[in-house]
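Structural overview
The chain contents come next:
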Amino acid sequence: MKKTRWGIISTAQIAKKQLIPAVQRSKNAVVAAIASRSDKVIGVADELNIPKAYKSYEDLLKDPDIDVVYIPLPNHLHKEWIVKAAEAGKHVLCEKPATLTAEEAKEAAAVCEKNNVKFMEAFMYQFHPQHQRVRDIIASGEIGDVKLMRANFSFYLDPASQNIRLNSDMGGGSIYDIGCYCIHSIRNIIQAEPAEVRVDAEIDPVHRVDTTAVGYMELDNGVKAVFDCSFNASFSNVYEVVGTKGSIRVPRAYRPDRQGGEGLIIVEKENEKRIESIVADQYALQVEHFSDAVLHGKNPSYTSENMIQNMTVIEACYESIKHGKKISLK
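This write-up is about the structure you can find in this document. The model shown is predicted, which means the values in this text are computed figures rather than measured ones.

Some points on the nonpolar core
Taken as a class, soluble globular proteins show a tendency for nonpolar side chains to be buried jointly. Counting residues in each nonpolar core, the largest one holds 111 residues, and the members touching the most others are Trp6, Phe119, Ile175, Phe227, Tyr239 and Val241. Counting residues per element, this core draws most heavily on helix α7 (residues 174–190), at ten residues.

So this is what it looks like as structure tokens:
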């Protein structure tokens, strides 16, 4: 089988711990090179069995043997390097959020389209089949008419740390980092778009980023949705869909890889409860899906339009926090 050749821009933890091993587990991709502005890139390449190491991102982009570039840089650098990779003729998988504004997302997508390269934002969770199963259960009518969806993602982050998630100049904040998953899952499970959003947040006085946010949405099909995300609470990643006849709870919504890839779907109706288990490798499935699109000239199932819309909602959430009022997206 033909394989895509991946170049990794940065030695970020998510690249070393998740994406690079996922490429190496995949059926249709290999890691061909890694780049960093630090000398430690040589050691990382040796440790992870990557054939080539570059001490500049530009040199990696010049390599004719690279088909796909993965970008796990700090959020504020995403758009710049998406554009540079696309202009170098490389297909791009970029960590979420792909950009910091909807306008940036449109510009990045336009450059990729102009240069005829595939572009996808790395919401890996959506490739776990538990979410399609949830949509199938909803479509079957088993829980009746959907009225509400709740989504949560949190983990504790020491406020004294120098973590880039707390850096306002680098696109830090809980909504950009983890609330984006909640928003994405609400839109893609309910398959409707927010018409209105209202979000309250706790802003860290030192770091000037949102460390906790709680949001309310009214979707354009009448379904209500609420989400919360936080750096101030213990680890949790769950969503629940509530209908007129029952509910579906997904307690390992975004990081089932922490339980060996096992996703759980808990369906509850009056006097009845059912638990379904689905095991999958969401990071490898993401890599294989994107590689398949590159190899066969197809568009990824997660489109640039969907990415732009998610960014539009995130922007509205921050607008609501700033002005302390409900924001209309109609």
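Additional details are given in the paragraphs that follow.
Examining the state of the cysteines
Summed over the entire model, instances satisfying the criterion amount to zero disulfides. Here Cys94 is not disulfide-linked; the sulfur of Cys112 is the nearest cysteine sulfur, at 9.4 Å. Given the relative accessible area of 0%, Cys94 is considered buried. Overall, the relative accessible area of 2% leaves Cys112 in the buried class.

Brief notes about unusual backbone geometry
A cis geometry characterises the amide bond from Lys96 onward to Pro97, with omega recorded as -15°. Note that Pro97 resides in the loop between β5 (91–94) and α5 (102–114). The phi angle at Ser10 is positive, at roughly 115°, despite the residue not being glycine. Secondary-structure assignment places Ser10 in the loop between β1 (4–9) and α1 (13–25).

Examining the layout of surface pockets
Considered as a void within the structure, the largest pocket measures approximately 840 Å³ in volume. Elements with a minimum of two residues in the lining of the largest pocket: α1, β7 (146–156) and α7. The leading source of residues in the lining of the largest pocket is α1, at four residues. Of the residues assigned to the lining of the largest pocket, the class counts are 14 nonpolar, nine polar and seven charged. For the second largest pocket, the calculated volume is near 320 Å³. Lining the second largest pocket are 14 residues, with Ala109, Glu113, Val117, Asn299 and Ser304 positioned closest to its centre. The greatest single-element share of the lining of the second largest pocket, amounting to four residues, is contributed by α5.

Here's the deal with the pairing of β1
With five of six residues buried, β1 lies mostly within the body of the structure. Across three bridges, β1 lies against strand β4 (residues 68–71) in parallel orientation. Each bridged residue has a counterpart across the sheet, and for Ile8 the counterpart in β4 is Tyr70.

Some words on α5
Its 13 residues give α5 an end-to-end C-alpha distance of 18 Å, which sits within 8% of 18 Å, the value for a rise of 1.5 Å per residue. Where α5 is concerned, the buried positions are Ala102, Ala105, Ala108, Ala109, Val111 and Cys112. Trailing α5 by a residue or two, Asn116 shows a phi angle of about 60°, which is positive.

A short note on the packing of helix α4 (residues 78–87) against α5
Interhelical geometry of α4 versus α5 gives an angle of 10° and a closest axis separation of 9 Å. It follows that α4 is roughly parallel to α5 by the angle criterion. Facing α4, whose interface residues are Lys79, Ile82, Val83, Ala86 and Glu87, α5 presents Glu104, Glu107, Ala108, Val111 and Cys112. Class assignment for the residues of the contact of α4 with α5 results in six nonpolar, no polar and four charged.

Definitions and limits used
- Residues numbered from 1 in each chain as written.
- Predicted model: local features only at pLDDT ≥ 70, side-chain atom pairs only at ≥ 80, totals over all residues.
- Heavy atoms only, no water.
- Core = buried A, V, L, I, M, F, W, Y, C linked by side-chain atoms within 4.5 Å.
- Buried < 20%, exposed > 50% of the residue type's maximum accessible area, 1.4 Å probe, protein only.
- Helix = DSSP H or I, 4+ residues; strand = E, 2+ residues; numbered from the N terminus.
- Disulfide = S-S within 2.5 Å.
- 1 Å grid on protein atoms, 1.4 Å probe; cavity = no way out; pocket = protein on both sides within 12 Å on 5 of 7 lines; lining within 4 Å.
- Points joined across faces, edges and corners; volume = space filled by probe spheres on them.
- Nonpolar A, V, L, I, M, F, W, Y, C, P; charged D, E, K, R; others polar.
- Pairing = 2+ DSSP bridges.
- Expected span 1.5 Å × (residues − 1).
- Axes fitted to C-alpha atoms, helices over the stretch in contact; angles between N-to-C directions.
- Parallel < 35°, antiparallel > 145°, perpendicular 65-115°, else oblique.
- Contact = heavy atoms within 4.5 Å.

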